[in-house]
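Residues per chain, in single letters:
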Amino acid sequence: MQLYLLLNTDCNLNCNFCIRGKSLTHDYLDLNSLKYVLQTNDFSNYHLLITGGEPTLHPNLPLIISLCHTHFRGVSINTNGMKSSWVEKCDNKHFHVQISLDGTEHFHNQLRGNGKIDVFSRIINTIDMLNKHNISYNISTTVGKNNYEDIKILCSQISTLHNLKYWKVSPILPFGCADKSNVLSVIQWNNLVNYLLDNAEVRLSIKRLFDYDLLDRYMERNPDNISFPKSNCGNVKYKIYVYPDFSVYPCTCLTDFPIGNLLNDTLNQILHSNEAKKFSDYRVKENSPCFLCKYLPICNGGCIGMSYHYFHELGKGDYRCPLIQEKLHIIS
Ligand SMILES: C[S@@+](CC[C@H](N)C(=O)[O-])C[C@H]1O[C@@H](n2cnc3c(N)ncnc32)[C@H](O)[C@@H]1O
Ligand code: SF4
Ligand code: SF4
């Protein structure tokens, strides 16, 4: 089980595709409240992903890592790589770091820093710092139409990053302030996955979307025992988001659905609440195109946030799915 903990909503960049939306608040997680939450919960089966906003802006990040290390199975920090000084301040260096990099040097600086901030050089400094302390790291790349071709060039350069553990590549999602017209079609995304699988010289963490051949093979193999843990991205069942005020959400794209607050209840109580069951027992509606789909036992209607943000209700299905697009006559 993965627990995403947002240390803040504040950021030192202002990416125009940020899934968290425009940061209008500057909330920072309170250390004493965190200590209380750690004391009142059992997180031993959880992997902690410290994120934000930009978590390295939190003045107590080193202490937070150290406190959390004893309570969680593992700790990762997701950062834009702008700051590296926090690494030296960590007494406990048993963590993994994920750094965002969305293109080659010039492209990334345009995307993340409007061409005015040399974000790329800062990332290289951060990687040097992590290597100096033998801390493992991966690169996370988010792809839309605007950086699609550049990612192929990045692919030819990425193996030069020293000690890179793996390269995670994901499609841009149309949430927060992301521009919907920049989102890739399923065909474009799957073509890129094929290209990267053929050409990348580093370990990849990537997956095709709506890969019906794979779904067919999976269903043939396990006709009577279909359980696919990653259906609906695992919201609530395998993944949970905690915001700086300790509000709990099924996903960062479902912040209209708070399911509890860790200052009032334990995570176990929250996960068994009726609010949480809407997501852990998620079912598509009878009037959804998914209802009669043969892949429903595995896919379970795809991304729940896609249903909510596109159809304005839960249980309608993932509008990116080509089968749904066919039924709705959407031309992508
Ligand atoms: C919201 S950021 C927070 C951590 C840190 N500030 C960073 O940028 O890495 C977490 C991850 O979400 C990714 N992300 C941002 N906007 C996205 C979007 N619209 N769709 C998919 N991923 C997105 C970022 O690239 C990053 O890898
Ligand atoms: S993607 Fe990360 S770096 Fe960019 S604005 Fe959002 S939180 Fe900040
Ligand atoms: S129609 Fe619905 S259940 Fe079937 S593959 Fe598409 S999103 Fe999944």
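Being a predicted model, the structure only gives us computed values, none of them experimental. (Residues numbered from 1 in each chain as written. Chains lettered and ligands numbered in written order. Predicted model: local features only at pLDDT ≥ 70, side-chain atom pairs only at ≥ 80, totals over all residues.)

Visitor: Outline the site of ligand 1, supporting the account with residue identities and numerical values.
Guide: Every one of the 20 residues lining ligand 1 counts as a neighbour, but Ile19, Asn80, Ser100, Leu173 and Ala178 are closest to it. Of all the elements in the fold, those that place two or more residues in the shell around ligand 1 are strand 3 (74-79) and strand 5 (137-143). When its residues are assigned to classes, the shell around ligand 1 shows eight nonpolar, ten polar and two charged. (Near = placed C-beta within 6 Å. Helix = DSSP H or I, 4+ residues; strand = E, 2+ residues; numbered from the N terminus. Nonpolar A, V, L, I, M, F, W, Y, C, P; charged D, E, K, R; others polar.)

Visitor: Pulling in residues and values, what's your account of helix 4 (residues 105-113)?
Guide: Turning to helix 4, its buried residues number three or more, namely His108, Leu111 and Arg112. Projection of helix 4 onto a plane perpendicular to its axis shows the buried side chains occupying an angular sector of 80 degrees, all on one side. Contact partners of the buried residues in helix 4: helix 5 (119-132). Taken from the residues just after helix 4, Asn114 is the one with a positive phi, measuring 55 degrees. (Buried ≥ 20, exposed ≤ 12 C-beta atoms within 10 Å, placed from the backbone. Arc of directions from axis to C-beta. Contact = placed C-beta atoms within 7 Å.)

Visitor: Any details on the nonpolar core? Residues and values, ideally.
Guide: Residues Leu48 and Val242 are the most contacted members of the largest nonpolar core, which totals 64 residues. Once residues lying within four places of it in the same chain are set aside, the contact partners of Val242 are Leu3, Tyr4, Leu5, Leu6, Val248 and Leu262. (Core = buried A, V, L, I, M, F, W, Y, C linked by C-beta atoms within 7 Å.)

Visitor: Give a detailed account of helix 2 (residues 61-69), specifying residues and quantitative values.
Guide: For helix 2, every residue scored as buried is listed here: Leu61, Ile64, Ile65 and Cys68. Taken around the axis of helix 2, the buried residues stretch over an arc of 100 degrees, which confines them to a single face. Turning to helix 2, the residues buried within the fold contact helix 1 (31-40), strand 2 (47-51), strand 3 and helix 3 (85-88).

Visitor: Mind laying out the sheet that holds strand 9 (residues 247-249), listing which residues take part and the relevant values?
Guide: Strands sit in the order 7-6-5-4-3-2-1-8-9-10 across an open sheet of ten strands; the sheet is mixed. Strands with a single pairing partner mark the edges of an open sheet, and in this sheet they are strand 7 (204-205) and strand 10 (260-261). As paired elements, strand 1 (residues 2-6) and strand 8 (residues 239-242) share four bridges and run parallel to each other. Its bridge partner lying in strand 8, Leu3 is registered against Ile240. (Pairing = 2+ DSSP bridges.)

Visitor: Account for the environment of Arg217, naming residues and giving values.
Guide: Structurally, Arg217 is set in helix 8 (residues 212-221). Between the C-alpha atom of Arg217 and that of Asn138, which follows or precedes it by 79 residues, the distance is 31 Å.

Visitor: For the pairing of strand 4 (residues 96-100), give the residues involved together with the corresponding values.
Guide: With respect to burial, strand 4 is a largely interior element, four of its five residues being buried. The sheet contact formed by strand 3 and strand 4 spans four bridges and is parallel. When the bridges of strand 4 are listed, Ile77 appears paired with Val97. The pairing of strand 4 with strand 5 spans four bridges and is classified as parallel.

So, to be careful, I would describe these as geometric facts and stop short of saying anything about function.
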